[in-house]
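Residue-level listing of the chains:
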Amino acid sequence: MKQKVIFNVLAKDLENAKEIAEIGGDRVLIGVMVKGFKSEKAAIEQVELFQENGIPVSVGLGAGDPKMWKKVANVSAITMPDHINQVFPAAGYTLGRMEQVDSQSTIVNALIEPSGTVGKVYISTGPVSSGKKERVTCEMAAAMLAEIGVHSVKFYPIDGDSRLDEVTAMVKAAVGVGIKVFEPTGGIGLENVYTIVRTCLDGGAEVVIPHLYSNLIHKGSGRTDVGMVKGLLRMEWKWGLHS
């Protein structure tokens, strides 16, 4: 990835996605949440439609629903998107699927949940394991991902800027084992994205992908506000993070 900060956002429809991609280029990813589709076929068709129009796609679960993990893997293996969101227990499986189809440029993340204790996290983010709340160290979580080659840590929910100490601990652990892409998610908007991204970069992350979903969506139209996306991109220039 050439950018230090890439914004993961949603789009109501193709027109909205094209608007965002036109102004954002390689600094945006448009999320397609498989939970919102009745079938894998329908999700595949949506991803392919976006790709045919030059839109960079991030395939996601949908509200972090762990039951969608296999659907994400199956849709991704067919469409080879730019980016995949996956639960921790299924990240290695998904990475293997992508290697089978020789999709070497796709970024696969693994969902880790903050525990409320700095330095400890939950990796039990799958459909069955999510019912088990046993903490592990950030270092253990990161080491397990590094062993199988997962590219990125998705940290959710960070509840805006209220868990920055936990974010820092997880970033440093990930960077320590060579995972240099970090994705803070949950409660991020224009008012706090600077602080959150800066925290990740200060922790050593080389690429930060903040997920900004509902905070950018116009309540009346359901469309992601292009003006707010422009505001994010202007912030990036102001920070001097564009490379």
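The present account deals with the structure reproduced in this document. (Residues numbered from 1 in each chain as written. Predicted model: local features only at pLDDT ≥ 70, side-chain atom pairs only at ≥ 80, totals over all residues. Heavy atoms only, no water.)

### Details of the state of the cysteines
Next up, step 1: Within the structure shown, the criterion is met by 0 disulfides.
Next up, step 2: Among the cysteines around C138, which has no disulfide bond, C200 carries the closest sulfur, lying 13 Å off.
Next up, step 3: Residue classification places C138 among the buried positions, given a relative accessible area of 1%.
Next up, step 4: Assessed through its relative accessible area of 0%, C200 is described here as buried. (Disulfide = S-S within 2.5 Å. Buried < 20%, exposed > 50% of the residue type's maximum accessible area, 1.4 Å probe, protein only.)

### A few points about the packing of helix 5 (residues 138-148) against helix 6 (residues 164-176)
Next up, step 1: Running from amino to carboxyl end, helix 5 crosses helix 6 at an angle of 40°, the nearest separation of the two axes being 8 Å. As summarised for this structure, helix 5 and helix 6 are arranged oblique, according to the angle between their axes. The two elements helix 5 and helix 6 meet at a crossing, and its hand is right-handed. Across the interface between the two elements, C138, E139, A141 and A142 of helix 5 pack against A169, M170, A173 and A174 of helix 6.
Next up, step 2: A class-by-class count of the residues in the contact of helix 5 with helix 6 yields 7 nonpolar, no polar and 1 charged. (Axes fitted to C-alpha atoms, helices over the stretch in contact; angles between N-to-C directions. Helix = DSSP H or I, 4+ residues; strand = E, 2+ residues; numbered from the N terminus. Parallel < 35°, antiparallel > 145°, perpendicular 65-115°, else oblique. Left-handed = near helix turned anticlockwise from the far one by under 90°. Contact = heavy atoms within 4.5 Å. Nonpolar A, V, L, I, M, F, W, Y, C, P; charged D, E, K, R; others polar.)

### Focus: the environment of V171
Next up, step 1: Structurally, the position occupied by V171 is in helix 6.
Next up, step 2: Under the relative-accessibility criterion, V171 is labelled buried at 0%.
Next up, step 3: As for V171 and C138, which are separated by 33 residues in sequence, their C-alpha atoms are 8.7 Å apart.
Next up, step 4: Discounting chain neighbours no more than four positions away, the residues touching V171 are F182, C200, G203, G204 and A205.

### A word on the environment of V87
Next up, step 1: Within the secondary structure, V87 sits in the loop between strand 4 (83-84) and helix 4 (88-100).
Next up, step 2: For the pair V87 and A110, spaced 23 residues apart in sequence, the C-alpha separation works out to 5.2 Å.
Next up, step 3: Ignoring anything within four residues of it in the chain, the contact list for V87 reads L61, P66, W69, L111, T125 and G126.

### Concerning the packing of helix 2 (residues 40-52) against helix 3 (residues 69-79)
Next up, step 1: Look at helix 2 against helix 3: their axes get within 10 Å of each other, and the N-to-C directions meet at 45°. In this view, helix 2 runs oblique relative to helix 3, as classed from their interaxial angle. Note that helix 2 runs across helix 3; the crossing there is right-handed. Counted together, E40, A43, I44, V47, E48 and Q51 of helix 2 and K70, K71, N74, V75, I78 and T79 of helix 3 form the full contact between these two elements.
Next up, step 2: For the contact of helix 2 with helix 3, the per-class residue count stands at 5 nonpolar, 3 polar and 4 charged.

### Let's talk about the nonpolar core
Next up, step 1: Counting 65 residues, the largest nonpolar core has I112, M170 and F182 as its most contacted members.
Next up, step 2: Dropping the residues within four chain positions of it, F182 is found in contact with S152, V153, F155, V167, M170, V171, C200, A205, V207, V208 and I209.
Next up, step 3: Of all hydrophobic cores here, the second largest spans 5 residues; its members include L29, V181, V207 and I209. (Core = buried A, V, L, I, M, F, W, Y, C linked by side-chain atoms within 4.5 Å.)

### Topic: the pairing of strand 3 (residues 57-60)
Next up, step 1: Of the two faces of strand 3, the one holding V57 and V59 and the one holding S58 and G60 are both buried throughout.
Next up, step 2: In this fold, the crossover linking strand 2 (residues 28-33) to strand 3 by way of helix 2 has right-handed handedness.
Next up, step 3: In this sheet, strand 4 lies alongside strand 3 in parallel orientation, the contact comprising 2 bridges. Note on strand 4: the bridge partner recorded for V59 is I84.
Next up, step 4: Where the polypeptide runs from strand 3 across helix 3 and back to strand 4, its parallel neighbour, the crossover connection is right-handed. (Right-handed = clockwise from strand over helix to strand, strands pointing away. Pairing = 2+ DSSP bridges.)

### What to know about unusual backbone geometry
Next up, step 1: Along the chain, Y156 connects to P157 via a cis peptide bond; the corresponding omega equals -5°.
Next up, step 2: Of note, P157 is situated in the loop between strand 8 (152-155) and helix 6.
Next up, step 3: Here A63, not a glycine, exhibits a phi torsion of approximately 60°, which is positive.
Next up, step 4: Within the secondary structure, A63 is located in the loop between strand 3 and helix 3.
Next up, step 5: The class for A63 is exposed, based on a relative accessible area of 69%.

### Structural notes on the packing of aromatic side chains
Next up, step 1: Tallied over the full model, the rule gives 2 aromatic pairs.
Next up, step 2: Seen in terms of ring centroids, W69 and Y93 are 5.4 Å apart; in terms of plane orientation they differ by 85°. Their pairing is edge-to-face. One end of the pair, W69, is in helix 3; the other, Y93, is in helix 4, and 24 residues separate them in sequence.
Next up, step 3: Classification of Y93 by relative accessible area gives partly exposed; the value is 35%. (Phe/Tyr/Trp six-rings, centres within 6.5 Å; stacked < 30°, edge-to-face > 60°.)

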